[in-house]
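Residue strings, one per chain:
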Amino acid sequence: NAGVTQTPKFQVLKTGQSMTLQCAQDMNHEYMSWYRQDPGMGLRLIHYSVGAGITDQGEVPNGYNVSRSTTEDFPLRLLSAAPSQTSVYFCASSYLQGSRDEKLFFGSGTQLSVL
Amino acid sequence: GESVGLHLPTLSVQEGDNSIINCAYSNSASDYFIWYKQESGKGPQFIIDIRSNMDKRQGQRVTVLLNKTVKHLSLQIAATQPGDSAVYFCAENPFGGGADGLTFGKGTHLIIQP
C-alpha cells in the first residue's frame, strides 16, 4: 500500500497565483483532512471530509477550497496565493470513529512558498 | 486557546536513558489521545494511542500514561536510540470522537545525546 500520497513535494508561487495540492489515499478511509504546519504553531486543521461529497471547515479555512468527489482523492486549492500561506501542508486520512482502526495517517507533506 | 500543550519545547537525554514527554489537555470530554513522531522533513508518524477508559498502554519501547484526574498525558520511551530524535506531538479529540477532529499540541523536540 502507498498510504497517503501528496504531490508536489515543493512548490514556489507568486502572490495571486492559484494552484492545487493533490492528496490521494489507497486505504479506503472515509475521513480525509488537510493541515498546515508553521513554526511554533503545531498542526492546524484547514478542511476535512468524512466521505465523498462531504466537506467541512477546520480551524483555518480562509483562502483554501476543497472538494471530495471520490473516496480516494482530496485536493486542496489555493485560489489566490498570499505570503501568509507559506507553510508545510499535510494531508491525512483515517477510518471514522468507531471503526476498527482510527489512526490518522499522514502524507509526507508539501512545502509551499509564496513570494 | 490551545487545549493541548506540552510542558517543555525541548528535551535532551543521553542515549540509552529513558525519556518522558509530557502533555496537558484541558477538555475533560476528550476521549481519544494519540502521540505522533515527526522527523525532519517528514510527515507525522503514529506512535501509540489511548482511549479514556484506559490509564496505560504499552507498545514497543513506548508507554503512554493517561491521568484523567489532572488531565495529563505522557509518553515514555525506553532505552532511547539516536533514531528517536524527533519532534513528538500529542493530540486529543475534544469532541469525544476518534481520529476525526484531533487537536494537536505544538510539539516537544527530543534530542538524543551520544
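Residues numbered from 1 in each chain as written. Chains lettered and ligands numbered in written order. Predicted model: local features only at pLDDT ≥ 70, side-chain atom pairs only at ≥ 80, totals over all residues. Heavy atoms only, no water.

Draft legend 1. Geometry of the environment of Thr15 of chain A. All names here are of chain A. Relative to the helices and strands, Thr15 resides in the loop between strand E2 (10–13) and strand E3 (19–25). As a C-alpha pair, Thr15 and Leu115 span 100 residues in sequence and 5.8 Å in three-dimensional space. Here Thr15 is in contact with Ala81, Pro83, Val114 and Leu115, once residues within four sequence places are set aside. A polar side-chain atom of Thr15 sits 2.6 Å from the main-chain carbonyl oxygen of Leu115. (Helix = DSSP H or I, 4+ residues; strand = E, 2+ residues; numbered from the N terminus. Contact = heavy atoms within 4.5 Å. Polar contact = N/O pair within 3.5 Å; in protein donor to acceptor, adjacent residues only side chain to side chain.)

Draft legend 2. Just the side chain of Thr80 of chain B, in detail. Locating Thr80 of chain B in the fold gives a position in the loop between strand E8 (72–77) and strand E9 (86–93). The residues touching Thr80 of chain B, leaving out its near neighbours within four places in the chain, are Val13, Gln14, Glu15, Gly16, Asp17, Ser19, Arg61 and Ile112 of chain B.

Draft legend 3. View of the pairing of strand E3 (residues 19–25) of chain B. Residues and elements named next belong to chain B. Taking every second residue as pointing to the same face, the buried face of E3 carries Ser19, Ile21, Cys23 and Tyr25, while none of Ile20, Asn22 and Ala24 on the other face is buried. Both E3 and E8 contribute to a ladder of 6 bridges, which runs antiparallel. Bridging from a neighbouring strand, Ala24 pairs with His72 of E8. (Buried < 20%, exposed > 50% of the residue type's maximum accessible area, 1.4 Å probe, protein only. Pairing = 2+ DSSP bridges.)

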